[in-house]
Amino acid sequence: EQLDFAVRRMPTLDTLLGPQRQRVDDLGERMRRGLGRVASDARGDLARTVGALRPAVLALRLAAARARLEQLWRVAVTLNPDAILKRGYARIEKRGGGLIASSAEARKAAALKLHFADGTVDARVENGSKPAYEGPKPNQPDLF
């Protein structure tokens, strides 16, 4: 009798495993829905990617990129320091390298390199009280 009583008081297999079965079933259903959502998102991503790879779309993107590149090139050409030389200006550098931006720098450097649009010329700065270039005086009649 005691054994029968103990057996009746013991929980059944369904009672013991019921909550775990329910949890496994719930997780299985959630996984099925989640995988369906992932597959749906992947399908949408694929459709968007395929749509972006059409030749017409690629041609438009290429044309826009080419226009941006041409615009940047025009800016680069206008900012080129040698472009100013074509308008009659000169760029002055020390013979050893480095730009000259003031007369004081030019006096210190003494030996210069003048860059024109058609080439370069070496020059020297003369400091002193006598005229920079002594050469033959022009023949000019005296007015008095």
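Residues numbered from 1 in each chain as written. Predicted model: local features only at pLDDT ≥ 70, side-chain atom pairs only at ≥ 80, totals over all residues. Heavy atoms only, no water.

Trainee: Residue-level account of the pattern of salt bridges, with values.
Mentor: Summed over all chains, the structure comprises seven salt bridges. Note that Arg91 is salt-bridged to Glu93, the shortest N-O span being 3.4 Å. Neither Arg91 nor Glu93 differs from the other in exposure class; each is buried. Linked by salt bridges that have partners in common, Glu29, Arg32 and Arg33 make up one network. (Salt bridge = Lys/Arg side-chain N within 4 Å of Asp/Glu carboxyl O. Buried < 20%, exposed > 50% of the residue type's maximum accessible area, 1.4 Å probe, protein only.)

Trainee: Describe in detail helix 2 (residues 13-52), supporting the description with residues and values.
Mentor: For helix 2, spanning 40 residues, the distance from its first C-alpha to its last is 57 Å, which sits close to the expected 58 Å at 1.5 Å a residue. Maximal helix bending in helix 2 amounts to about 35°, located at Pro19. (Helix = DSSP H or I, 4+ residues; strand = E, 2+ residues; numbered from the N terminus. Expected span 1.5 Å × (residues − 1). Bend = angle between axes of the 7 residues up to and from the residue.)

Trainee: Tell me about the pairing of strand 2 (residues 111-116), residues and numbers included.
Mentor: Bridge count for strand 1 (residues 91-94) against strand 2 is four bridges, and the pairing is antiparallel. Counterpart to Glu93 in the pairing with strand 2 is Lys113. With six bridges joining them, strand 2 and strand 3 (residues 119-124) adopt antiparallel strand pairing. Counted as the bridge partner of Leu114 is Val121 from strand 3. (Pairing = 2+ DSSP bridges.)

Trainee: Which residues make up the sheet that holds strand 2, and what values go with them?
Mentor: Sheet strands associate in pairs through backbone hydrogen bonding, adopting either a parallel or an antiparallel arrangement. With respect to topology, three strands assemble into an open sheet ordered 1-2-3, the strand pairing being antiparallel. Of all strands in the sheet, those with a lone pairing partner are strand 1 and strand 3, marking the two edges. Neighbour-to-neighbour, the strand axes of the sheet open up by a mean angle of 30°, direction not taken into account. (Axes fitted to C-alpha atoms, helices over the stretch in contact; angles between N-to-C directions.)

Trainee: Let's hear about a nonpolar patch on the surface: which residues, and what values?
Mentor: On the surface, Leu13, Leu16 and Leu17 cluster together to form a nonpolar patch covering roughly 290 Å² of accessible area. Counting through the fold element by element, Leu13 comes out in helix 2. What makes Leu13 exposed here is its relative accessible area of 57%. (Patch = residues over 30% accessible without salt bridge, like charges linked within 9 Å, V, L, I, M, F, W, Y side chains within 5 Å. Areas by Shrake-Rupley, 256 points an atom, 1.4 Å probe, with all protein chains shown as cover.)

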